[in-house]
Amino acid sequence: MIIDVHTHVWETPCHIGESFLADARQTAGEAYKDISVDLEKHWEAMQAVDKAVVLGFRARHVGVLVPNEYVAEYVGKHAEKLIGFCSVDPQDPDAVEQLDHCVQDLGLRGLKMGPIYQNVAPTDSRFRRILHRAEELRIPTLIHQGTTFCTNVSLEIANPIQLQPLALEFPRLKMVIAHLGHPWVNETLVLIRKNRNVFADISALYYRPWQFYNALVSAMEYGVLDRLLLGSDYPFTTPASTIDALRAVNRMVEGTHLPHIPEAKIEALIARDTLDLLGL
Ligand SMILES: [Zn+2]
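Conventions and cut-offs
Residues numbered from 1 in each chain as written. Predicted model: local features only at pLDDT ≥ 70, side-chain atom pairs only at ≥ 80, totals over all residues. Helix = DSSP H or I, 4+ residues; strand = E, 2+ residues; numbered from the N terminus. Rg over C-alpha atoms; globule rule 2.2 N^0.38 Å. Buried ≥ 20, exposed ≤ 12 C-beta atoms within 10 Å, placed from the backbone. Axes fitted to C-alpha atoms, helices over the stretch in contact; angles between N-to-C directions. Parallel < 35°, antiparallel > 145°, perpendicular 65-115°, else oblique. Left-handed = near helix turned anticlockwise from the far one by under 90°. Contact = placed C-beta atoms within 7 Å. Nonpolar A, V, L, I, M, F, W, Y, C, P; charged D, E, K, R; others polar. Pairing = 2+ DSSP bridges. Right-handed = clockwise from strand over helix to strand, strands pointing away. Arc of directions from axis to C-beta.

**Focus: the overall build of the chain**
No. 1: Assigned secondary structure in the chain consists of 12 helices and 10 strands.
No. 2: Taking 280 residues into account, the globule formula puts the C-alpha radius of gyration at 19 Å, and the chain, at 17 Å, falls close to it.
No. 3: Looking at the chain as a whole, 46% of its 280 residues qualify as buried.

Structural data, given as structure tokens:
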């Protein structure tokens with residue numbers, strides 16, 4: 001089965017503030033020029049996979065407030081294929097109650113967090129109380145722990161190493177580090193190697209082809225290729241283009257003595273049983 005563990009839906013500009021959109025536009029690269037999402041096009045893009053996770057996104061600090069109800073309503077229309085993850089902002093005093101509501105009433109099955117966007121460090125008690133509840137609810141948490149194009153954010157709270165105490169504190173909580181924690185890919189790899197409850201997705205990396213190739217080679221050398229999950233970060237890329245890029249990753253070094261990633265390992269990554277690994 002092919003599973004895209006990282007896709008977004010939102011309405012622009014109603015769920016996404018102007019400064020976030022402006023920062024995206026000013027970032028070099030095609031992927032950021034137009035980040036609007038049309039639900040029909042999202043659904044069309046997901047025909048390339050068997051199942052897809054649709055993420056909520058709540059981060060008042062960068063002006064992103066996608067209603068969890070919006071995510072729940074959309075995935076409810078395609079319940080055979082789409083799995084909804086909610087998001088809560090740790091700055092909200094009632095964030096834990098919101099999480100309970102999303103899981104128990106809206107039927108959302110995972111949690112998406114983004115400390116750099118939410119401007120709350122992973123080690124902050126406001127963040128930890130939410131992960132503690134996610135562990136109790138037995139839902140997986142996908143965490144954007146890495147950099148971003150947004151300008152008014154703190155890189156100091158974005159390094160994946162910041163998740164280490166949480167991985168130890170919540171051993172039953174399944175965590176996915178988005179985008180291999182870029183640019184701190186090696187930090188992510190050593191974290192997922194020693195903490196069996198932590199995984200990483202490879203979404204939105206292939207348009208930096210040298211980094212993408214090196215990330216996969218490093219993962220192979222650390223023996224953690226089997227802990228990497230397929231993801232697109234739709235609308236920034238699509239699952240089809242991500243799969244194509246994975247299959248083409250060795251092309252850049254053809255005719256050289258640089259390492260090749262075995263085709264079987266690439267196919268295994270594409271077909272990874274993410275639902276099983278995350279208990280979904
Ligand atoms: Zn994303």
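Back to the write-up after that little detour.
**Observations concerning the packing of helix α10 (residues 239–247) against helix α11 (residues 263–270)**
No. 1: Between α10 and α11, whose axes approach to 10 Å, the crossing angle comes to 165 degrees. What the angle tells us is that α10 and α11 run roughly antiparallel. The way α10 lies across α11 gives a crossing that is right-handed. Along the contact surface, α10 presents I243, L246 and R247, while α11 presents I266, L269 and I270.
No. 2: Here the residues of the contact of α10 with α11 are counted per class, giving five nonpolar, no polar and one charged.

**Observations regarding the environment of Y32**
No. 1: Mapping Y32 onto the fold places it in the loop between α1 (18–26) and α2 (39–45).
No. 2: Spatially, the C-alpha atoms of Y32 and A79 are 29 Å apart, while their sequence positions differ by 47 residues.
No. 3: Ignoring any residue separated from it by four or fewer positions in sequence, one finds Y32 in contact with A24, R25, T27 and F149.

**Brief notes about the pairing of strand β9 (residues 198–201)**
No. 1: Along β9, one buried face is formed by V198 and A200 and the opposite face, lined by F199 and D201, is buried too.
No. 2: In this sheet, β9 lies alongside strand β8 (residues 175–177) in parallel orientation, the contact comprising three bridges. Pairing of V176 across the sheet is with F199, part of β9.
No. 3: Note on the crossover from β8 through helix α8 (residues 185–194) to β9: the handedness is right-handed.
No. 4: As paired elements, β9 and strand β10 (residues 228–229) share two bridges and run parallel to each other. Residue pairing across strands places A200 opposite L228, the latter belonging to β10.
No. 5: Once the chain exits β9 it traverses helix α9 (residues 209–221) before rejoining the sheet at β10, and the crossover so formed is right-handed.

**Some thoughts on the sheet that holds strand β7 (residues 141–143)**
No. 1: Ordered by their spatial adjacency, eight strands build an open sheet running β1-β2-β5-β6-β7-β8-β9-β10, and the pairing between neighbours is parallel. Strand pairing shows two members of the sheet lacking a second neighbour, β1 (3–8) and β10, which therefore form its edges.
No. 2: Bridge count for strand β6 (residues 110–113) against β7 is three bridges, and the pairing is parallel. The residue bridging L111 from the neighbouring strand is T141, located in β7.

**Let's talk about α10**
No. 1: Within α10 the residues assigned to the buried category are P239, T242, I243 and L246. For α10, the buried positions fall inside an angular range of 100 degrees around the axis, keeping them on one side.

**Observations concerning the pairing of β6**
No. 1: Burial of the side chains of β6 extends over both faces: G110 and K112 are buried on one face and L111 and M113 on the other.
No. 2: Pairing between strand β5 (residues 82–87) and β6: three bridges, direction parallel. Residue S87 lies in a different strand from β6, and its bridge partner there is K112.

**Structural notes on the environment of Y117**
No. 1: Along the chain, Y117 falls in helix α5 (residues 115–118).
No. 2: Given 23 C-beta atoms within 10 Å, Y117 falls into the buried group.
No. 3: When the C-alpha positions of Y117 and T148 are compared, they lie 8.3 Å apart, and in sequence the two are 31 residues distant.
No. 4: Residue contacts for Y117: discarding those within four places in its chain leaves A59, H61, V62, V64, H144, T148, C150 and V153.

**What about the packing of α8 against α9?**
No. 1: Contact pair α8 / α9: the axes reach a minimum separation of 10 Å and the direction vectors enclose 25 degrees. In this view, α8 runs roughly parallel relative to α9, as classed from their interaxial angle. For the pair α8 and α9, the sense of crossing is right-handed. Listed contacts from α9 to V185, N186 and L189 of α8 are A215, S218 and A219.
No. 2: Its residues assigned to classes, the contact of α8 with α9 shows four nonpolar, two polar and no charged.

**Concerning unusual backbone geometry**
No. 1: Residue P13 follows T12 across a cis peptide bond; omega there is 0 degrees.
No. 2: With respect to the helices and strands, the residue P13 is situated in the loop between β1 and α1.
No. 3: P235 follows Y234 through a cis peptide bond whose omega is 15 degrees.
No. 4: For P235, the location among the structural elements is in the loop between β10 and α10.
No. 5: For N119, which is not glycine, the phi torsion reads 60 degrees and is therefore positive.
No. 6: Tracing the backbone through its elements, the reader meets N119 in the loop between α5 and α6 (125–137).
No. 7: We note that D233 has phi near 65 degrees; this positive angle belongs to a residue other than glycine.
No. 8: Relative to the helices and strands, D233 resides in the loop between β10 and α10.

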